[in-house]
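Results of the structural survey
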Amino acid sequence: MTRTNPKQWLALAISSILAGGANAEIFLSQYVEGGGYNKAIEIANSGDSEVSLAGYHLAKSPNGNGSWDTLDLSGYSIPAQSVLVFANSQASETIQSIAAVTTSHQVLNFNGDDPVALLNGNEEVIDVIGAMGELFGKDKTLVRYQPYYQPSSSFQPNQWATLAKDDITGLGQLDSLTPPQAFQCLDNGEAPTFTEIQTIQGEGNRSPFISGYPYITSEYFFVQGVVSAVSSGINQGFYLQALQDDHNPLTSNGLFVYTQSNPDLVAGDVVCVKGQVQEYYGQTQLKLNDSDWHKQGEQAAPEATPVEVIESDENFEQTLERYEGMLVSLPKTLDMRVTRTFGYDYAARRNNMVLAHQRVNLHPNQQFAAGSAQAVAQSEDNGLRRLFVESFKPAANGTVPYYPQFGRTDVDQDGSTDDYIRINDTLFDIEGVIGYSYGDYRLFVTNTISAENFVRNTLRTDLPELFDQPWNKKDLRVATFNVLNYFTSPFGGDENRFGGNRGASNLAEFEVQQEKILNALIRLDADIIGLMEIENNGFGDNGAIAQLVRELNARIDNKKHHYAFVALDSNQDGVTDQLDAVGTDAITTGVIYRAKSVKLMQVNLFEMPRQVAPEVLDDKGKVIEDGKNYQRNTLAPTFKVKGSKQPLTVAVNHFKSKGSKCWEDAAPVSEGGQAGKDLDQQGSCEQFRVAAAVALGQALQDIEGHKVVLGDFNAYGKEDPLLVLTDYSPEKYGKTIRAARNTFIGEQEQFGDEGAAITHSYGYVNVLGEMHPQGWSYSYNDEVGALDHILISPSLSTRVVDATEWHINAAESTLFDYNDEYKNGFPKYHDHYRSSDHDPAVIDLNMKGGSIGVLGLSAMMLIGLRRRRQG
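For the protein chain, an unreviewed UniProt entry supplies the name LTD domain-containing protein and the organism Vibrio hangzhouensis.

Topic: a negative patch on the surface
On the surface, Glu-196, Glu-203, Asp-245 and Asp-246 cluster together into a patch of negative charge. By the element assignment, Asp-246 lies in the loop between β16 (236–241) and β17 (254–258). A relative accessible area of 33% places Asp-246 in the partly exposed class.

With respect to the pattern of salt bridges
All told, the structure shown has 34 salt bridges when counted by the stated rule. Here Arg-422 ties to Glu-812 by a salt bridge, and the two come within 2.7 Å at their closest N and O atoms. With Arg-422 in the loop between β25 (386–390) and β26 (426–427) and Glu-812 in the loop between β52 (800–805) and β53 (841–845), this pair connects stretches of sequence that are 390 residues apart. Neither residue differs from the other here; Arg-422 and Glu-812 are each classed as buried. As a salt-bridge pair, Asp-525 and Arg-594 come within 2.8 Å of each other at their nearest N and O atoms. Of this pair, Asp-525 sits in the loop between α6 (507–524) and β31 (528–535) while Arg-594 sits in strand β33 (residues 587–594), placing them 69 residues apart in sequence.

Concerning the sheet that holds strand β22 (residues 336–345)
Ordered by their spatial adjacency, nine strands build an open sheet running β20-β21-β27-β28-β25-β23-β22-β26-β29, and the pairing between neighbours is mixed. Looking at the sheet topology across the chains shown, the edges are occupied by β20 (305–306) and β29 (454–455). In the sheet, β25 pairs with strand β28 (residues 440–445) via three bridges, with the strands oriented parallel. Paired with Val-389 across the bridge in β28 is Leu-443. The sheet strands contacting helix α5 (residues 373–385) are β22, β23 (350–357), β25 and β28, and the helix crosses β25 at an angle near 40°.

Remarks on the state of the cysteines
Counted under the stated rule, the structure contains two disulfides. A sulfur-sulfur separation of 1.8 Å characterises the disulfide bridge that pairs Cys-185 with Cys-272. Linking Cys-185 and Cys-272, the disulfide has an S-S dihedral of approximately 85° and is accordingly described as right-handed. A residue pair is termed long-range when its members are at least 10 positions apart, and Cys-185 in the loop between β14 (160–163) and α2 (197–201) and Cys-272 in strand β18 (residues 269–280) qualify at 87 residues. Both residues of the pair, Cys-185 and Cys-272, count as buried. Disulfide partner of Cys-662: Cys-685, at an S-S distance of 2.1 Å. Around the S-S axis, the bridge from Cys-662 to Cys-685 shows a dihedral of about 100° and counts as right-handed. Here the residue Cys-662 occupies a position in the loop between β42 (647–654) and α8 (663–666), and Cys-685 occupies one in the loop between α8 and α9 (686–701), the gap between them amounting to 23 residues. Both residues of the pair, Cys-662 and Cys-685, belong to the buried class. Numbered by order of appearance in the sequence, the disulfide-linked cysteines of the protein chain pair as 1-2, 3-4.

Calculation notes
One numbering rule holds for all chains: residues counted from 1, following each sequence as written. Totals for whole chains, interfaces and linings use all residues, but because this is a predicted model, local features are given only for residues with pLDDT of at least 70 and pairs of side-chain atoms are given and counted only at 80 or more. Here the side-chain values reflect all heavy atoms present in the structure, with hydrogen atoms and water set aside. Exposure above 30% relative accessible area and the absence of a salt bridge qualify a residue for a patch, where like charges join within 9 Å and nonpolar side chains (Val, Leu, Ile, Met, Phe, Trp, Tyr) within 5 Å. Accessible areas in this description were obtained via Shrake-Rupley with a 1.4 Å probe; residue shielding takes into account the shown protein chains only. Think of a salt bridge as a Lys or Arg side-chain nitrogen and an Asp or Glu carboxyl oxygen that are within 4 Å of each other. His is not counted, nor are the chain ends; Lys and Arg add positive charge and Asp and Glu add negative charge. Working definition for charges: the position is that of NZ of Lys, CZ of Arg, CG of Asp or CD of Glu. The secondary structure listing takes helices from DSSP runs of H or I that are at least 4 residues long and strands from runs of E that are at least 2 residues long, numbered from the N terminus. Residue burial is assigned from relative accessible area. The probe radius is 1.4 Å, only protein chains are included, and a residue is buried under 20% of its type maximum, exposed over 50%, and partly exposed in between. Between any two strands, at least two bridges found by DSSP are needed for them to pair. The contact criterion used throughout is that any non-hydrogen atoms of two residues lie within 4.5 Å. Only the contacting stretch of a helix is used when fitting its axis, a line to C-alpha atoms as for every element, and angles between N-to-C directions run 0 to 180 degrees. Note on terminology: disulfide denotes any pair of cysteine sulfur atoms within 2.5 Å.

Structure, rendered in structure tokens:
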């Protein structure tokens with residue numbers, strides 16, 4: 001709703017200050033970006049006659065993305081020598097009393113990175129405040145200086161005075177503000193005494209001039225240096241490099257200068273500045289009063305200094321501290337590994353990438369029991385190794401600013417792009433300045449890179465790399481594959497009775513998704529494949545699993561290698577009901593298999609626990625967790641492997657996710673919950689997953705023969721559910737594992753009000769955990785680990801030939817997946833890379849006669865081979 005102020009027009013006679021004469025145009029004259037909804041825009045008419053705003057729009061570009069949200073100004077006019085103020089309808093009473101128009105329109109709900117413009121029509125920019133992709137006006141009031149009372153189609157920061165947050169001085173009036181006199185680099189009329197950059201930085205992690213709160217000096221310092229980089233987007237200011245090296249490796253030769261506006265400088269400019277030393281959320285910087293800098297000359301731009309670890313550095317974070325504010329390069333010998341590919345950073349709310357020194361950051365619970373001293377140490381070590389890789393301006397969707405060719409080759413769809421970034425690549429010869437924010441060091445890149453800047457430590461492969469041994473040949477391959485919400489119901493498939501579409505948004509996306517999955521499955525070449533995240537729309541001809549198998553077989557010439565799928569017989573009468581589903585979630589588990597290799601003997605369905613616990617209320621009586629949670633059921637068909645004697649049961653699982661809360665995550669500690677704490681980094685619902693692990697272990701005890709337990713357990717290698725299924729005892733791990741309270745399997749109570757302390761395990765062998773303890777199948781934030789596991793009964797230990805994760809998905813950028821969102825026309829590839837967000841896990845077995853497997857006498861030989869191969 002828009003409300004017009006009864007005062008409608010605020011006029012101000014402007015006698016001798018007119019810049020544009022009698023025919024002066026309308027222009028934006030004031031911008032208020034204050035706390036909460038304190039948002040206002042002032043439009044001025046400095047001419048001698050009334051101006052109609054018919055055909056004009058007030059516009060905002062959200063996050064500077066290049067598009068405009070518009071508010072039609074037709075019907076408004078501004079009398080001569082007057083202003084018109086638009087304000088958010090929830091702004092303060094003071095602002096609303098000044099505003100001629102208050103509105104809830106989205107244009108009047110802007111932030112400091114949302115350019116605001118006056119448009120002629122819907123597109124032509126007449127005047128603009130801010131630039132696309134730059135943080136220009138956060139917590140500021142901007143008032144146009146009198147000499148610049150005219151519109152400009154590009155933002156000119158020097159035309160605007162900067163006032164403090166919520167300072168609305170002059171709003172509703174056309175103030176006659178003149179720019180301040182240019183800064184002359186004088187101290188009371190005399191040449192100043194300069195303080196060296198290295199002196200300001202000091203040898204520690206904080207400037208020696210800062211002793212504590214308020215983390216800024218009252219004293220002003222004069223500093224001289226040469227500009228190494230200018231930041232006009234995420235940070236506003238420039239980086240100064242010392243004119244002379246003090247040859248002290250413990251002090252940085254660089255310093256960030258915060259100017260509060262975008263300075264008109266380039267690398268190589270020699271400047272004098274006057275400001276206060278500040279520790280701004282951990283970054284040592286010099287804070288200026290807007291334009292307290294003066295260009296004194298020019299020289300060659302500084303060259304990047306290679307980052308080098310020295311003997312006195314206790315960790316890599318200390319190494320980076322020594323270079324804070326400097327222009328640096330990362331040499332190949334530093335071995336900076338990509339530990340998160342280019343993607344969205346939810347903390348900083350922008351796209352970036354993360355490197356780690358000498359290795360990827362492994363989740364602390366992958367190798368060490370959750371909550372253990374070793375896991376805590378691993379987490380701390382991860383934090384000390386990371387370095388974010390940033391661009392000065394927030395990256396536009398579908399682009400890597402410092403890698404312009406990323407994903408741009410081979411757009412004819414004949415193959416895969418040669419320009420990619422993968423987790424565990426070593427990135428070198430990238431240059432930038434070192435900053436610090438959000439608790440981490442950041443490299444703001446100043447050069448461009450290409451595929452030549454990477455060492456590929458984990459290669460892209462067309463096939464999973466597994467090896468037969470002369471004494472132990474494989475005759476059966478079993479694998480996991482997460483199909484990342486393969487939904488067919490929107491595209492002619494059967495109806496999903498349990499929820500809406502979670503997959504492709506349109507047919508074009510679905511066709512890319514399907515081709516990528518099929519290309520991966522063909523190359524996987526497994527005899528039995530456990531599927532996760534396939535649509536739960538039955539086993540009829542138009543069900544998702546039927547379509548997937550049909551399309552897969554159409555691409556396999558040899559009919560002997562065709563696949564069938566396991567269908568559920570809910571009536572247990574030997575007649576398959578093709579309309580049944582597995583569980584009641586929109587997605588489910590599935591199994592496909594080759595009839596040439598195995599014969600389906602029996603279909604087992606294990607109902608997993610549901611939780612029906614009391615509601616959890618906050619201190620106001622509001623329900624914050626309803627206590628009702630469920631898990632997807634386990635499909636566990638039993639096969640007879642052709643040529644072998646004992647049956648083989650393959651149990652396919654998809655345990656409760658880490659993202660949504662269960663009772664234990666919401667309830668206060670005094671009531672047996674954790675009150676939102678995740679001290680051991682297992683995510684939410686770990687006790688509920690423990691209950692599922694117990695249910696699974698008990699159900700499998702009633703089935704004879706060999707067993708393979710696989711799938712997405714939503715638990716890293718040494719987290720509680722995996723320990724329960726493998727080798728847990730309280731004595732071995734020095735901890736008590738608990739199952740969730742109030743869980744039921746069907747109508748049968750599993751655990752009551754107190755939950756349960758688990759005291760035993762089920763003895764399965766985590767094959768990949770044994771063979772590849774640092775393995776991973778999933779990437780979250782900048783840590784990797786295995787959520788997808790293959791566990792085997794001890795009876796299969798001597799029959800393992802080889803096993804691995806196939807890094808085709810988690811290592812790759814999300815820009816290569818099937819989804820169009822946030823891609824901005826990024827090229828599509830139908831190859832098998834990023835066909836999902838989880839990597840497949842694969843195991844080769846000798847079922848017909850092998851008696852010495854990889855987990856037997858020859859384990860060390862093959863483990864050593866694999867570790868060498870994976871670097």
